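Reading the structure
Here's the letter readout for the chains.
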Amino acid sequence: MQLKPLLSIATTGEKILTQIAEPVTAFDQALHTLANNMLNTMLGANGVGIAATQVFNRAAMFIMASNPNERYPDAPSMAPTVVINPQILSVSIATEAGIEGCLSVPGQRLSIARHSEIEVQYQSLDGQLHQQTLTGFVARIFQHEYDHLQGITLLERINLTTPQVQVQVSQC
Ligand SMILES: [Zn+2]
């Protein structure tokens, strides 16, 4: 992989994290470059997902790339997936609580309830439409990153869902 300079990551208090992303209409080289830079930024920060709004870009796009790392040692492995103009078509009634962190909320890991299974639709970098059913940790990543595109972080989500336990950790 070609390494490019890491993008700076917006953290709590930045206005961009509260703004709603805008639909992507141009599937051009600039979008490929943004996706590549987001991927490298995410990998450099040991993330399993990153949304464009987290790197100060309003594009409705995120990357999910679950892989075991020091932040998520039990994460399943998957190829990095670029998700553009995502929609959640349906959700399971069942939810499950799990520990989440966020590159934009350094130093905190929170127990957040997410739908166990979701049916989603999105476009890939070539503009092609995809429909998938996601479960477990990958469904969790999708819901977390989708929230970012709605201007919501896990700090707001913790007030929207139950059960909830706030866990403070000394390292991130
Ligand atoms: Zn996040």
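Refer to the structure above for everything that follows.
The sections below set out a description of the structure shown in this document.

Here is what the cut-offs are and how they apply
- Residues numbered from 1 in each chain as written.
- Predicted model: local features only at pLDDT ≥ 70, side-chain atom pairs only at ≥ 80, totals over all residues.
- Heavy atoms only, no water.
- Donors = N, O, S within 2.8 Å, 3.2 Å for Na, K, Ca; no water.
- Helix = DSSP H or I, 4+ residues; strand = E, 2+ residues; numbered from the N terminus.
- Buried < 20%, exposed > 50% of the residue type's maximum accessible area, 1.4 Å probe, protein only.
- Expected span 1.5 Å × (residues − 1).
- 1 Å grid on protein atoms, 1.4 Å probe; cavity = no way out; pocket = protein on both sides within 12 Å on 5 of 7 lines; lining within 4 Å.
- Points joined across faces, edges and corners; volume = space filled by probe spheres on them.

**Some thoughts on the coordination of the zinc ion**
- Donor atoms from the polypeptide that coordinate the zinc ion comprise Cys102 (SG), His144 (NE2) and His148 (NE2), at 2.0 to 2.2 Å from the metal.
- All donors of the zinc ion belong to a single chain; written as a sequence motif, their spacing is C-x41-H-x3-H. Taken together, the positions of cysteine 102 in the loop between strand S4 (95-100) and strand S5 (108-115) and histidine 148 in helix H2 (residues 136-149) put the pair 46 residues apart, joining distant regions of the chain.
- For cysteine 102, a relative accessible area of 5% translates into the label buried.
- The class of histidine 148 is buried, set by a relative accessible area of 1%.

**Concerning H2**
- Over its 14 residues, H2 extends 20 Å from the first C-alpha to the last, a length consistent with the 20 Å expected when each residue adds 1.5 Å.
- Among the 14 residues that make up H2, 11 are buried, leaving the element largely enclosed by the rest of the structure.
- Those residues of H2 that sit buried are Val138, Ala139, Arg140, Ile141, Phe142, Gln143, His144, Glu145, Asp147, His148 and Leu149.
- Within two residues after H2, glycine 151 carries a phi angle of roughly 80°, on the positive side.

**Quick look at empty space enclosed by the protein**
- For the structure shown, the criterion picks out 1 cavity of 30 Å³ or more.
- By volume, the largest cavity amounts to about 150 Å³.
- Forming the walls of the largest cavity are 15 residues, and the residues nearest its centre are Val48, Tyr72, Gly101, His144 and Glu145.
- Per element, the largest residue contribution to the lining of the largest cavity is 5 residues, and it comes from H2.

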